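This is what each chain is made of:
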Amino acid sequence: MNPKTCISEQGCPINLVGKTGQAVQISIHRPSHYICANRERILPDWKQQAFLWVVIVLQQSRCQLVECTAEIEIEKERLREKFMRFGCDLAFNLRDRSYLADLIDPRTGYPLLSHPGAIPHNDTAVVKALLKYPVIKNKCCVLVHPIWGTAVYPSVLISEAPPFIIESIAKDIAPMHGWKEG
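Residues numbered from 1 in each chain as written. Predicted model: local features only at pLDDT ≥ 70, side-chain atom pairs only at ≥ 80, totals over all residues. Heavy atoms only, no water.

Asker: Looking at this structure, how should I read the packing of aromatic side chains?
Answerer: Under the counting rule described, the total for this entry stands at one aromatic pair. Ring geometry for Phe86 against Trp179: centres 4.9 Å apart, planes inclined by 45°, an arrangement best described as tilted. On the criterion of sequence distance, the pair formed by Phe86 in helix α2 (residues 70–96) and Trp179 in the loop between α4 (163–173) and β8 (180–181) is long-range, its members being 93 residues apart. Per residue, the accessibility class of Phe86 equals that of Trp179, and both read buried. (Phe/Tyr/Trp six-rings, centres within 6.5 Å; stacked < 30°, edge-to-face > 60°. Helix = DSSP H or I, 4+ residues; strand = E, 2+ residues; numbered from the N terminus. Buried < 20%, exposed > 50% of the residue type's maximum accessible area, 1.4 Å probe, protein only.)

See the structure below:
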């Protein structure tokens, strides 16, 4: 079953499963108010785009990401690397089709393929704003997924490509990253 692209407050996620059984959800949204208000401060190279879309990639973690332990930091780095590989493939595929696209490094909050702006992007805040997921504030802000709890790693890609193109390419490249529709 191929869900059609939905653009709404909640989005219609593309549900994937990794080789080790962890779930992945990808959803496409209109930008949050924060991104609209601060676009040039986050992405200074992006000035002429009439429309932007935010691609949220949520990966289920092997453990709850609430504390700061060596095990949790290793898991966060593993999930960051998975996103960076997938996000680069998606962004370059979109760029090959002449659509501006960039992924935000979850660790720094700065774009990977564009010049960094004056302020970092906050993936957790954007997911909270667009998906309405609660956040626990301790040393860092932790999302609470409705099914996975705090075992969720958020990441974001931004593009001017239409949602149906983003969805099509994401589904095409997902299997190369060990993710299949579930």
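Asker: How should the pairing of strand β4 (residues 101–104) be read in this particular structure?
Answerer: Put simply, side chains in a regular strand alternate between the two faces of the sheet. Every second residue of β4 is oriented toward a common face, with Ala101 and Leu103 on one face and Asp102 and Ile104 on the other, all of them buried. Judged from the four bridges that link them, β4 and strand β7 (residues 152–159) form a sheet pairing that is antiparallel. Directly across from Ile104, in β7, lies its bridge partner Val156. (Pairing = 2+ DSSP bridges.)

Asker: Can you walk me through the side chain of His121 in this structure?
Answerer: Counting through the fold element by element, His121 comes out in the loop between β4 and α3 (123–131). Using a relative accessible area of 5% as the deciding quantity, one classes His121 as buried. Within the structure, His121 has its side chain in polar contact with the side chain of Asp123 (distance 2.8 Å). Discounting residues that sit within four places of it in the chain, His121 has contacts with Ile35, Ile42, Ile104, Gly109, Val126, Val156 and Ile158. (Polar contact = N/O pair within 3.5 Å; in protein donor to acceptor, adjacent residues only side chain to side chain. Contact = heavy atoms within 4.5 Å.)

Asker: Looking at this structure, I do not really get the pattern of salt bridges. What am I missing?
Answerer: One pass over the structure, following the stated rule, counts seven salt bridges. Here Arg80 and Glu77 are joined by a salt bridge, their closest N and O atoms 3.1 Å apart. On the criterion of helical spacing, the pair formed by Arg80 and Glu77 is a turn pair, its members being three residues apart in helix α2. The exposure class of Glu77 is partly exposed, given its relative accessible area of 25%. Taken together, the salt bridges that share partners define one network made up of Glu77, Arg80, Asp105 and Arg107. (Salt bridge = Lys/Arg side-chain N within 4 Å of Asp/Glu carboxyl O.)

Asker: Explain unusual backbone geometry to me, please; I cannot follow it from the model alone.
Answerer: Trans peptide bonds make up the majority, and among non-glycine residues the majority have a negative phi. Even without glycine at this site, Ser98 takes up a positive phi of about 70°. Locating Ser98 in the fold gives a position in the loop between α2 and β4. What makes Ser98 exposed here is its relative accessible area of 66%. Positive phi, close to 65°, is recorded for Lys132, a residue that is not glycine. Along the chain, the position of Lys132 falls in the loop between α3 and β5 (135–137).

Asker: Would you explain α3 in this entry?
Answerer: Each α-helix turn comprises 3.6 residues. Residues three or four places apart therefore point the same way. Where α3 is concerned, the buried positions are Asp123, Thr124, Val126, Val127, Leu130 and Leu131. Projected onto a plane normal to the axis of α3, the buried residues spread over an arc of 160° and lie on a single side. Capping the start of α3, Asn122 holds a side-chain oxygen 3.1 Å from the backbone nitrogen of Thr124, two or three residues further along. Just past α3, the residue Lys132 takes up positive phi, approximately 65°. (Arc of directions from axis to C-beta.)

Don't take any of this as a statement about function, it's just geometry.
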